[in-house]
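# Observations on the three-dimensional arrangement
Take a look at the letters that make up each chain.
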Amino acid sequence: MEDLGPIAWPPEPIRTERLVLREPEARDRAAFIELLASPQVNTYLGGPRQRDVLERETPEVPERWPGSFVVDLDGSMIGQILLRRATGHRRPAAAGKADLGYLFLPRAWGFGYAAEACAAALDWLGGTLPSEPVVLTTQSANVGSMRLAAKLGFTEVERFEAWGSEQWLGMRPPVTPSG
């Protein structure tokens, strides 16, 4: 995965009704460690990482690169949105396209925050790179992620086996200027 290319970064914080999408800051370090060490968050991502390793290896300001947004609720990080270029994707249909990823702390599940944050990030991407289709890959066993993908306008391109389980690849068409 690579960054999205020639885009102005960081953008102004993106505000939704309840959330702010912003660049990571030092105050987010503990939440990043919690996110990556959580067994629930990483059920479909190969399992959690070891907390002691994360404590040693996570920089003071984690994940600070173009396309990495912290999802902030009332001044605290509750999740992360990732927009990257899928240059090394295993599936030809996804290779080179913008790729959406997201992680949310379990305490933020079930409130619609992921849908709200992902929609805002996709709107930003559509305004920044309007001709970009976006891909999303998730395990087909991850029912919540599959529902969210459909809600966001992704349609199935294919299913494939990888990492010991069936994966679902969806695509969202590019934003087209109305005229």
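Up top you'll find the structure we're talking about.
Our subject in this report is the structure included herewith. (Residues numbered from 1 in each chain as written. Predicted model: local features only at pLDDT ≥ 70, side-chain atom pairs only at ≥ 80, totals over all residues. Heavy atoms only, no water.)

### With respect to the overall build of the protein
Within the protein, the secondary structure is distributed over 4 helices and 8 strands. Secondary structure elements of the protein occur, N-terminal to C-terminal, as β-β-α-α-β-β-β-α-β-α-β-β. Against the 2.2 N^0.38 benchmark of 16 Å for 179 residues, the protein shows a C-alpha radius of gyration of 16 Å, consistent with a compact globule. For the C-alpha atoms alone, the extent of the protein along its principal axes is close to 45 × 40 × 30 Å. Going through the 179 residues of the protein one by one, you find that 49% of them count as buried. (Helix = DSSP H or I, 4+ residues; strand = E, 2+ residues; numbered from the N terminus. Rg over C-alpha atoms; globule rule 2.2 N^0.38 Å. Buried < 20%, exposed > 50% of the residue type's maximum accessible area, 1.4 Å probe, protein only.)

### With respect to the pattern of salt bridges
One pass over the structure, following the stated rule, counts 15 salt bridges. Its salt-bridge partner being arginine 27, residue glutamate 25 comes within 2.6 Å of it at the nearest N-O pair. Classification of arginine 27 by relative accessible area gives partly exposed; the value is 49%. (Salt bridge = Lys/Arg side-chain N within 4 Å of Asp/Glu carboxyl O.)

### A few points about the pairing of strand 8 (residues 165-172)
Strand 8 sits mainly inside the fold: 7 of its 8 residues count as buried. The pairing of strand 6 (residues 134-139) with strand 8 spans 6 bridges and is classified as antiparallel. Paired with threonine 137 across the strands is leucine 169, a residue of strand 8. Of the strand pairs in this sheet, strand 7 (residues 155-162) and strand 8 are connected by 7 bridges, and their pairing is antiparallel. Within strand 8, the residue paired with alanine 162 across the bridge is serine 165. Counting the residues between successive antiparallel strands, the hairpin from strand 7 to strand 8 contains 2 residues, one of them, tryptophan 163, with a positive phi of roughly 55°. (Pairing = 2+ DSSP bridges.)

### Let's talk about unusual backbone geometry
Across the chain, the bulk of peptide bonds are trans and the bulk of non-glycine residues have phi less than zero. Following tryptophan 9, the chain continues into proline 10 via a peptide bond in cis, with omega recorded as -5°. Its place among the elements puts proline 10 in the segment before strand 1 (14-15). Not every positive phi belongs to a glycine, and aspartate 74 is a case in point at roughly 55°. Inspection of the secondary structure assignment puts aspartate 74 in the loop between strand 3 (68-73) and strand 4 (76-85).

### Describing the layout of surface pockets
As a volume, the largest pocket reaches approximately 1,500 Å³. What lines the largest pocket is a set of 43 residues, among which Leu45, Tyr102, Leu103, Asn142 and Ser145 lie closest to the centre. Top contributing element to the lining of the largest pocket by residue count: strand 5 (residues 98-104), with 6 residues. Its residues assigned to classes, the lining of the largest pocket shows 20 nonpolar, 16 polar and 7 charged. (1 Å grid on protein atoms, 1.4 Å probe; cavity = no way out; pocket = protein on both sides within 12 Å on 5 of 7 lines; lining within 4 Å. Points joined across faces, edges and corners; volume = space filled by probe spheres on them. Nonpolar A, V, L, I, M, F, W, Y, C, P; charged D, E, K, R; others polar.)

### So, the nonpolar core
One finds Ile81, Leu100, Trp124 and Phe154 to be the most contacted residues of the largest nonpolar core, which totals 35 residues. At the level of elements, strand 3, strand 4, strand 5, helix 3 (113-128), strand 6 and helix 4 (143-151) are the ones that each hand at least two residues to this core. Counting residues per element, this core draws most heavily on helix 3, at 9 residues. Residues contacting tryptophan 124, with those up to four places away along its chain left out, are Leu4, Ile7, Trp9, Pro11, Ile14, Phe69 and Leu83. Ile33, Leu35, Met77 and Leu103 belong to the second largest nonpolar core, which has 12 residues in total. (Core = buried A, V, L, I, M, F, W, Y, C linked by side-chain atoms within 4.5 Å. Contact = heavy atoms within 4.5 Å.)

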